[in-house]
Amino acid sequence: MIIVNLNIIGMGGSTKARYLRHLIAREGADFVCIQETKAKELSDTKCYSLWGDNNIGWLHYGGDNGRGSLLSMWSKEVIRYSGHLMGKGYIVVFGCYIKSNPDSAVVNIYSSCNLADKQSLWAELSNIKVTSQIKVWCLCGDFNAIRSHSKRKGSAGTGVLSSDHSREIKGFNTFIDDNLLFDIPSVGKKITWFNANGSAKSRLDRILVSGEWMDKWPMCKQYVQNREVSDHYAIVVKSLDKDWGPKPFRTIDAWFMERDFCEMVKEK
């Protein structure tokens, strides 16, 4: 499954829509997670235009008058939608990946900067996952949290908030570990966010998956794109493992010199 993720910080103007449409088409996306649309409502026309096709499903969470808003879109040719859950900071889409038939959940996440809100979101997502029968999970988005101090650089990473940062790191890592999630390998940039003047940077956006997701797509990686229309970098989740068809059957001629070899092959 190919997933595009981006905190777009507002969808006004044609430049961002054109960039997103090009990224979706170039990567052949199956699912798209957008954070901070800044829109209270969206329409079919807008979402079809963003994707460049009308054979899609979509869900939008308007947040607080557009703040913390989320948009999830998916191709109906690839994903058979079966339900969703939506709340402050998340959209969970349940469905079947048609090509190989696993029931799966893709979660679009935007967390506020407030530590208490993050902890509440982690607890709610943990409860949703543990009570679900679905085993194949992918959590995408702007978690507004880091896993180590080395992932936050500059003015935003120093000063009086350092104790909160330590609690954030511990809590976020506990959330990941308790839910048996994996931070899949990243290719490209090591950070995913710069502030406006470039004085601070962090890895706030990431992709977390369950072990069952990794079983299904073992070569899955998150590819960090160039920063173009937002102070966040887009991330593309994909597996470049190719199916080259059946592997050739090889034998050693000397085996056929053994009296019982042919009978053994027939039996097995």
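Residues numbered from 1 in each chain as written. Predicted model: local features only at pLDDT ≥ 70, side-chain atom pairs only at ≥ 80, totals over all residues. Heavy atoms only, no water.

Focus: the overall build of the protein
Then, number 1: Counting its regular elements, the protein contains six helices and 16 strands.
Then, number 2: Along the three orthogonal principal directions, the C-alpha set of the protein runs to about 80 × 45 × 35 Å.
Then, number 3: The 268 residues of the protein split such that 49% are buried.
Then, number 4: Relative to all contacts within the protein whose residues are 6 or more apart in sequence, the contacts with residues 24 or more apart total 64%.
Then, number 5: Accessible surface, the protein: about 14,100 Å² in total, of which carbon and sulfur atoms supply 51%. (Helix = DSSP H or I, 4+ residues; strand = E, 2+ residues; numbered from the N terminus. Buried < 20%, exposed > 50% of the residue type's maximum accessible area, 1.4 Å probe, protein only. Contact = heavy atoms within 4.5 Å. Areas by Shrake-Rupley, 256 points an atom, 1.4 Å probe, with all protein chains shown as cover.)

Focus: unusual backbone geometry
Then, number 1: Here Asn-101, not a glycine, exhibits a phi torsion of approximately 75°, which is positive.
Then, number 2: Of note, Asn-101 is situated in the loop between strand S6 (90-97) and strand S7 (103-110).
Then, number 3: Phi angles above zero are rare outside glycine, and Leu-180 is one such case at about 55°.
Then, number 4: With respect to the helices and strands, the residue Leu-180 is situated in the loop between helix H4 (162-178) and strand S10 (181-183).

As for the side chain of Gln-225
Then, number 1: In this structure, Gln-225 sits in the loop between strand S15 (220-224) and strand S16 (235-239).
Then, number 2: For Gln-225, a relative accessible area of 14% gives the class buried.
Then, number 3: A distance of 2.6 Å separates polar atoms of two side chains, one belonging to Gln-225 and the other to Arg-26.
Then, number 4: Those residues in contact with Gln-225, other than ones at most four positions away along the chain, are Tyr-19, Leu-23, Arg-26, Glu-27, Lys-189, Tyr-233, Ala-234 and Val-236. (Polar contact = N/O pair within 3.5 Å; in protein donor to acceptor, adjacent residues only side chain to side chain.)

Brief notes about a nonpolar patch on the surface
Then, number 1: Together, Ile-252, Trp-255 and Phe-256 give the surface a local cluster of nonpolar side chains, amounting to about 310 Å² of exposed area.
Then, number 2: Relative to the elements of secondary structure, Ile-252 occurs in the loop between S16 and helix H6 (261-267). (Patch = residues over 30% accessible without salt bridge, like charges linked within 9 Å, V, L, I, M, F, W, Y side chains within 5 Å. Salt bridge = Lys/Arg side-chain N within 4 Å of Asp/Glu carboxyl O.)

Points about the state of the cysteines
Then, number 1: Taken as a whole and assessed by the stated rule, the structure comprises zero disulfides.
Then, number 2: With no disulfide of its own, Cys-113 lies closest to Cys-33 among cysteine sulfurs, the gap being 19 Å.
Then, number 3: For Cys-113, a relative accessible area of 61% puts it in the exposed group. (Disulfide = S-S within 2.5 Å.)

Some remarks on the pairing of S16
Then, number 1: Taking burial as the measure, the five residues of S16 include four buried ones, the bulk of the element.
Then, number 2: In terms of strand pairing, strand S1 (residues 3-7) meets S16 through three bridges, oriented antiparallel. Residue pairing across strands places Ile-3 opposite Val-237, the latter belonging to S16.
Then, number 3: Alignment of S15 against S16, held across five bridges, turns out to be antiparallel. (Pairing = 2+ DSSP bridges.)

Remarks on the packing of aromatic side chains
Then, number 1: Summed over the entire model, instances satisfying the criterion amount to 12 aromatic pairs.
Then, number 2: Relative to Phe-175, the ring of Trp-122 has its centre 6.4 Å away and its plane inclined at 20°; by these criteria the two rings are stacked. With Trp-122 in helix H3 (residues 115-130) and Phe-175 in helix H4, the pair connects residues that are 53 residues apart, well separated along the chain.
Then, number 3: For Trp-122, a relative accessible area of 7% translates into the label buried.
Then, number 4: An aromatic cluster of three or more residues is present, and its members are Trp-122, Phe-143, Phe-172 and Phe-175. (Phe/Tyr/Trp six-rings, centres within 6.5 Å; stacked < 30°, edge-to-face > 60°.)

Section: the sheet that holds S15
Then, number 1: Taking strand neighbours across the sheet as the criterion, the seven strands line up as S3-S4-S2-S1-S16-S15-S11 in an open arrangement whose pairing is mixed. Only two strands of the sheet have a single partner each, and these edge strands are strand S3 (56-61) and strand S11 (186-187).
Then, number 2: Pairing geometry for S1 and strand S2 (residues 31-35), over five bridges, is parallel. Note on S2: the bridge partner recorded for Asn-5 is Cys-33.
Then, number 3: Each of S1, S2, strand S4 (70-75) and S16 is contacted by helix H1 (residues 14-27), which is oriented at about 10° to S16, the strand it contacts most.
Then, number 4: In the packing of helix H2 (residues 44-51) onto the sheet, contacts are made with S2, S3 and S4, and the angle to S4 comes to roughly 65°. (Axes fitted to C-alpha atoms, helices over the stretch in contact; angles between N-to-C directions.)

Things to note about the sheet that holds S6
Then, number 1: Taken together, the six strands give an open sheet; going across it, the order is S5-S6-S7-S8-S14-S10, and neighbouring strands pair in mixed fashion. The sheet terminates laterally at strand S5 (79-87) and S10, the two strands that pair on one side only. Across the sheet, the mean angle separating the axes of adjacent strands is 20° when strand polarity is ignored.
Then, number 2: When S10 meets strand S14 (residues 205-210), the two strands line up antiparallel, connected through three bridges. The partner of Asp-183 across the bridge, within S14, is Leu-208.

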